Amino acid sequence: EPEVTQTPSHQVTQMGQEVILRCVPISNHLYFYWYRQILGQKVEFLVSFYNNEISEKSEIFDDQFSVERPDGSNFTLKIRSTKLEDSAMYFCASTGPAGTGELFFGEGSRLTVL
Amino acid sequence: QKEVEQNSGPLSVPEGAIASLNCTYSDRVSQSFFWYRQYSGKSPELIMSIYSNGDKEDGRFTAQLNKASQYVSLLIRDSQPSDSATYLCAVRPGSGGYQKVTFGTGTKLQVIP
């Protein structure tokens, strides 16, 4: 069964460092998303991406965050200068061509900022 | 602020019983509704989607939607210990594929053998 893959599974970084989280969405999917979940809290929307541009972003997704799809398969989330409060699980998700909103999530990348 | 509200639980049911999970949402224009299951330390997994009023059944799961009351529920029949997880209700305002899905905080379900 096709799946969304994410790397790394866990990253530990120092405050102020840049981090790039990578995702390979399901191959025929067109809509891509990043969500995050702080430990013990709810899954929060960060950004949606379609046709090589940001479709929608939340207030969490400030100038420190960026996304891109550098080639036909990878979808990346960059955090330019990490803060302690960026520590969370980051989930990549994708939706198929019909755009039903049924999200298929990757396993997540746990980011720990020290 | 568009909200999705769930009782955090835990909801404890004996094995074989029916588990009933409830969710309310604040945005009246919401069109798409989803239930996800999340095991501890894992990613959310889609269980059901529902788009129109009424019931939708899939195996042991039944989703119920009442847009007038802004209420969504999930029934799990013949609950099994493997159903023990956090169940997330999620809502989307419309039909555009790019539109964000908003999640509730989840209800933790414990199925007691």
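About the cut-offs
Residues numbered from 1 in each chain as written. Chains lettered and ligands numbered in written order. Predicted model: local features only at pLDDT ≥ 70, side-chain atom pairs only at ≥ 80, totals over all residues. Heavy atoms only, no water. Helix = DSSP H or I, 4+ residues; strand = E, 2+ residues; numbered from the N terminus. Rg over C-alpha atoms; globule rule 2.2 N^0.38 Å. Buried < 20%, exposed > 50% of the residue type's maximum accessible area, 1.4 Å probe, protein only. Contact = heavy atoms within 4.5 Å. Areas by Shrake-Rupley, 256 points an atom, 1.4 Å probe, with all protein chains shown as cover. Lys, Arg positive; Asp, Glu negative; His and termini not counted. Charge placed at Lys NZ, Arg CZ, Asp CG, Glu CD. Pairing = 2+ DSSP bridges. Axes fitted to C-alpha atoms, helices over the stretch in contact; angles between N-to-C directions. Buried area = accessible area lost by both parts, 1.4 Å probe. Salt bridge = Lys/Arg side-chain N within 4 Å of Asp/Glu carboxyl O. Polar contact = N/O pair within 3.5 Å; in protein donor to acceptor, adjacent residues only side chain to side chain. Nonpolar A, V, L, I, M, F, W, Y, C, P; charged D, E, K, R; others polar.

> Could you give me a rundown of the overall build of chain B, with the residues and numbers involved?
The number of helices and strands found in chain B is zero helices and 11 strands. Overall, chain B shows an N-to-C arrangement of helices and strands of β-β-β-β-β-β-β-β-β-β-β. Compactness check: chain B gives a C-alpha radius of gyration of 13 Å against a globular reference of 13 Å for 113 residues, within 12% of the reference. Looking at chain B as a whole, 46% of its 113 residues qualify as buried. Taking the intrachain contacts of chain B between residues at least 6 apart in sequence as the baseline, contacts between residues at least 24 apart amount to 54%. Entry remark: accessible area of chain B is about 5200 Å², with carbon and sulfur atoms responsible for 48%. For chain B, the centre of its 11 positive side-chain charges and the centre of its 10 negative side-chain charges are spaced 7 Å apart.

> Can you tell me about the sheet that holds strand E7 (residues 61-66) of chain B, naming the residues and giving the values?
Residues and elements named next belong to chain B. As summarised here, the arrangement of the five strands in space is E1-E3-E8-E7-E6, forming an open sheet in which the pairing is antiparallel. Where the open sheet ends on each side, the last strands, each with one partner, are strand E1 (4-5) and strand E6 (54-58). Bridge count between E1 and strand E3 (residues 19-25): two bridges; the pairing is antiparallel. Across the sheet, residue valine 4 finds its bridge partner in E3, namely tyrosine 25.

> Summarise the sheet that holds strand E3 (residues 19-24) of chain A; cite the residues concerned and give the values.
Sheets are built from strands paired through backbone hydrogen bonds, the pairs being either parallel or antiparallel. All names here are of chain A. Spatial ordering of the open sheet is given by E1-E3-E8-E7, a layout of four strands whose pairing is antiparallel. Of all the strands in the sheet, just strand E1 (5-7) and strand E7 (65-68) have a single pairing partner and so form its edges. With strand direction ignored, the average angle separating the axes of adjacent strands in the sheet is 15°. In this sheet, E3 lies alongside E1 in antiparallel orientation, the contact comprising three bridges. Counterpart to glutamine 6 in the pairing with E3 is cysteine 23.

> Please give an account of the environment of Ala68(B) that cites residues and values.
Looking at the secondary structure, you find Ala68(B) in the loop between E7 and strand E8 (71-76). Taking the C-alpha atoms as reference points, Ala68(B) and Ser20(B), 48 residues apart in sequence, are found 20 Å from one another.

> Break down the interface of chain A and chain B for me, with residues and values.
Between chain A and chain B, the contact holds 20 residues from the first and 24 residues from the second. Both sides together, the interface formed by chain A and chain B hides about 1800 Å², and carbon and sulfur atoms give 53% of it. Considering only the side of chain A, the residues that lose the most area to chain B are Lys42(A), Glu102(A) and Phe105(A), jointly responsible for 26% of the buried surface there. Inspection of the chain A/chain B interface yields one salt bridge. Measuring nitrogen to oxygen at the nearest pair gives 3.9 Å for the salt bridge that ties Lys42(A) to Glu3(B). Our count for the chain A to chain B interface comes out at eight residue pairs in polar contact (both at pLDDT 80 or more). For the side of chain A that touches chain B, the secondary-structure elements that each account for two or more residues are strand E4 (31-37), strand E5 (43-50), strand E6 (53-57) and strand E9 (88-95) of chain A. Considered class by class, the residues forming the side of chain A that touches chain B number nine nonpolar, seven polar and four charged.

> Describe the environment of Pro97(A), with residues and values.
With respect to the helices and strands, Pro97(A) occurs in the loop between E9 and strand E10 (104-105). Residues Pro97(A) and Ile79(A) lie 18 residues apart in sequence; the distance between their C-alpha atoms is 28 Å.

Any functional reading would require information that these geometric values do not contain.
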